[in-house]
Amino acid sequence: MLGYRKLGRDGGHRKMMLRNLTSSLIKNGRIKTTEAKAKETRRAAEKMITLAKKGDLHSRREVLKFITDKKVVNNLFDELAEKYQDRDGGYTRIIKLGPRRGDAAEMVILELV
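In this report, the structure presented in the accompanying data block is examined. (Residues numbered from 1 in each chain as written. Predicted model: local features only at pLDDT ≥ 70, side-chain atom pairs only at ≥ 80, totals over all residues. Heavy atoms only, no water.)

Some details on the nonpolar core
The line we're drawing: Side-chain atoms within 4.5 Å are what join buried Ala, Val, Leu, Ile, Met, Phe, Trp, Tyr and Cys residues into a set we call a nonpolar core. For every residue, the accessible area obtained with a 1.4 Å probe (protein chains only) is divided by the maximum for its type, and the residue is called buried under 20%, exposed over 50%, and partly exposed between those limits. Helix and strand assignments follow DSSP, with helices taken as H or I runs no shorter than four residues and strands as E runs no shorter than two, numbered in order from the N terminus. It only takes one pair of heavy atoms within 4.5 Å for two residues to be counted as in contact.
Membership of the largest hydrophobic core comes to 28 residues, with the highest contact counts inside it found for Ile26, Met48, Val63, Ile67 and Leu76. Breaking this core down by element, the ones donating at least two residues are α1 (11–28), α2 (35–54), α3 (57–66), α4 (70–83) and β3 (106–112). Examining the composition of this core, we find that 7 residues originate from one element, α2, more than from any other. If we ignore the near neighbours within four places in the chain, the residues touching valine 63 are Met48, Leu51, Val73, Leu76 and Phe77.

Structure representation (structure tokens):
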């Protein structure tokens, strides 16, 4: 499979879900989700952090196109960009928790390093 995981959703639902997961990760520092969602969220979050490290107006507007909550974007540019300034990628970590009781989906914690 090339490009991305469909996650059993249509395009609009998938895009909004990834936006919300990425916003929650940046806001709270860690989220608990399924492994497939975590791997897709990791891609989006790392792109947002890389843009925030640039720190210019164009980067801020690019991030605001994806993450609509201005408080989260300000946190990303003010705190997280400084924290990861010396790091070249690998801003997130996935910790496996085991299967979910209801449907045996593999659960993980996705957190910022």
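Here we look at the environment of lysine 32
Along the chain, lysine 32 falls in strand β1 (residues 30–34). Exposure remark for lysine 32: the relative accessible area of 61% places this residue in the exposed category. Once the C-alpha coordinates of lysine 32 and leucine 110 are considered, the two residues, 78 residues apart in sequence, prove to be 6.3 Å apart. Residues contacting lysine 32, with those up to four places away along its chain left out, are Leu97, Met107, Val108 and Ile109.

Some remarks on the layout of surface pockets
Stated precisely, the cut-off is as follows: We place a 1 Å grid over just the protein atoms. Points where a 1.4 Å probe fits but has no way out form a cavity, open points with protein on both sides within 12 Å along at least 5 of 7 lines form a pocket, and any residue with an atom within 4 Å of a point lines it. Grid points are joined across faces, edges and corners, and a volume is the space filled by probe spheres set on the points. Under the scheme applied, nonpolar residues are Ala, Val, Leu, Ile, Met, Phe, Trp, Tyr, Cys and Pro; charged residues are Asp, Glu, Lys and Arg; polar residues are all the others, including Gly.
If you add up the space inside the largest pocket, you get close to 290 Å³. Contributing to the lining of the largest pocket are Tyr4, Arg5, Gly11, Arg14, Lys15, Leu18, Glu40, Arg43, Ala44, Lys47, Met48 and Phe66. Ranked by the residues each element gives to the lining of the largest pocket, the list is headed by α2, at 5 residues. In terms of residue class, the lining of the largest pocket is built from 5 nonpolar, 1 polar and 6 charged.

Brief notes about the pairing of β3
Strand residues, when the strand is regular, have side chains that alternate between the two faces of the sheet. Note the following rule: Should DSSP find at least two bridges between two strands, the strands are regarded as paired.
Most of β3 sits inside the fold, with 6 of its 7 residues counted as buried. Strand direction decides the pairing type here: β1 and β3, joined by 5 bridges, are antiparallel. Within β3, the residue paired with threonine 34 across the bridge is methionine 107. Hairpin connection, strand β2 (residues 92–99) to β3: the antiparallel pair is bridged by 6 residues, and alanine 104 has positive phi, about 65°.

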